[in-house]
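Fold and contact review
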Amino acid sequence: MNEQGVASRQDDFELPGVPDAFQRLWTPHRLAYVKGGQQQVTGEHNCPFCEAPGRGDAESLIVYRGALVYAVLNLFPYNPGHLLVCPYRHVPDYTDLTVAETAEFAAVSQQAMRVLRAVSNPSGFNLGMNQGETGGAGIASHLHQHIVPRWGGDGNFLPIIAGTKAITQTLGDVREQLAGAWGSHG
Ligand SMILES: [Zn+2]
């Protein structure tokens, strides 16, 4: 994603009708992604995925905290409800996960799909991990699995990742819905 692409996706959240309070709440986190992006993350001390669990759920947009992994809303959603499942440990590659982390990573990904189905009834999903900068990872040094709910007519994958869609529900509302539903759909 080039500089311009990042800027245009950021603009998606400054459309009329998006509450101002949310803008202020999220600006620092968004800056962490936008300003330096990949290059800014040099280790655990300035990694957004390491820092997020240290803040409150609402502030960090965390939907669920497990023992070894957590689920968080993507700041730059391709679709409403776009979740990321991350290990707490700062490791870059899927093969770096322990057996226990791999099991929980999978279980939380499955639960994320169940919760998204219950809350917003998507007709499909894209799941995946971009490995390394060449593989397209925005923050390559900290593993994260994308879980993107899909609906018929939501556009093909390219316009979605180009950031051209307007997200109509605020991230705070989406987080509350998903976090509230998490425990009740086994
Ligand atoms: Zn990290």
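Residues numbered from 1 in each chain as written. Predicted model: local features only at pLDDT ≥ 70, side-chain atom pairs only at ≥ 80, totals over all residues.

1. Some points on helix 5 (residues 99-120)
Compared with an ideal rise of 1.5 Å per residue, which puts 22 residues at 32 Å, helix 5 spans 32 Å between its outermost C-alpha atoms and is within 8% of the ideal. Residues of helix 5 that are buried: Glu101, Phe105, Val108, Ala112, Val115 and Leu116. Within helix 5, the buried residues cover an arc of 100° as seen down the axis, which keeps them to one side. Looking at the buried side of helix 5, the elements it contacts are strand 1 (62-65), strand 2 (69-73), strand 3 (83-87), strand 5 (145-150) and helix 7 (171-182). One or two residues past the end of helix 5 sits asparagine 121, with phi positive at roughly 50°. (Helix = DSSP H or I, 4+ residues; strand = E, 2+ residues; numbered from the N terminus. Expected span 1.5 Å × (residues − 1). Buried ≥ 20, exposed ≤ 12 C-beta atoms within 10 Å, placed from the backbone. Arc of directions from axis to C-beta. Contact = placed C-beta atoms within 7 Å.)

2. Quick notes on the sheet that holds strand 1
Strand order in the open sheet formed by five strands is 1-2-3-5-4, and the pairing between neighbours is antiparallel. Sheet topology places strand 1 and strand 4 (124-128) at the edges, where each strand pairs with a single neighbour. Taken pair by pair, the neighbouring strands of this sheet meet at an average axis angle of 15°, ignoring direction. Two elements, strand 2 and strand 3, share five bridges in a ladder whose sense is antiparallel. In the sheet register, valine 72 faces strand 3, and the bridge partner there is leucine 84. Docked against the sheet, helix 7 engages strand 1 and strand 2, running at close to 25° with respect to strand 1. (Pairing = 2+ DSSP bridges. Axes fitted to C-alpha atoms, helices over the stretch in contact; angles between N-to-C directions.)

3. What about unusual backbone geometry?
For leucine 61, which is not glycine, the phi dihedral falls at a positive 65°. Within the secondary structure layout, leucine 61 lies in the loop between helix 4 (57-60) and strand 1. For asparagine 121, which is not a glycine, the phi torsion comes out positive at approximately 50°. With respect to the helices and strands, asparagine 121 occurs in the loop between helix 5 and strand 4.

4. Some words on the UniProt feature "active site" (unreviewed entry) in the protein
As recorded in UniProt, the feature "active site" (unreviewed entry) lies at His144. On the secondary structure map, histidine 144 appears in the loop between strand 4 and strand 5. Histidine 144 sits in the buried class, given 21 other C-beta atoms within 10 Å. Residues contacting histidine 144, with those up to four places away along its chain left out, are Phe49, Leu84, Val85 and Cys86. (UniProt positions renumbered as here; feature names shortened; annotations may be inferred.)

5. Focus: the pairing of strand 1
Here strand 1 pairs with strand 2 via three bridges, running antiparallel. Across the sheet, isoleucine 62 pairs through a bridge with valine 72, a residue of strand 2. A loop of three residues connects strand 1 with strand 2, the two strands running antiparallel in sequence.

6. Quick notes on the nonpolar core
If you look at the biggest cluster of nonpolar residues, it comprises 27 residues, and the most contacted ones within it are Ala71, Val72, Leu73, Leu83, Val85, Cys86 and Ala112. When contributions to this core are tallied by element, the ones reaching two or more residues are strand 2, strand 3, helix 5, strand 5 and helix 7. Each residue touching leucine 73, except ones within four places of it in the same chain, is listed here: Leu61, Val63, His82, Leu83, Leu171, Val174 and Arg175. (Core = buried A, V, L, I, M, F, W, Y, C linked by C-beta atoms within 7 Å.)

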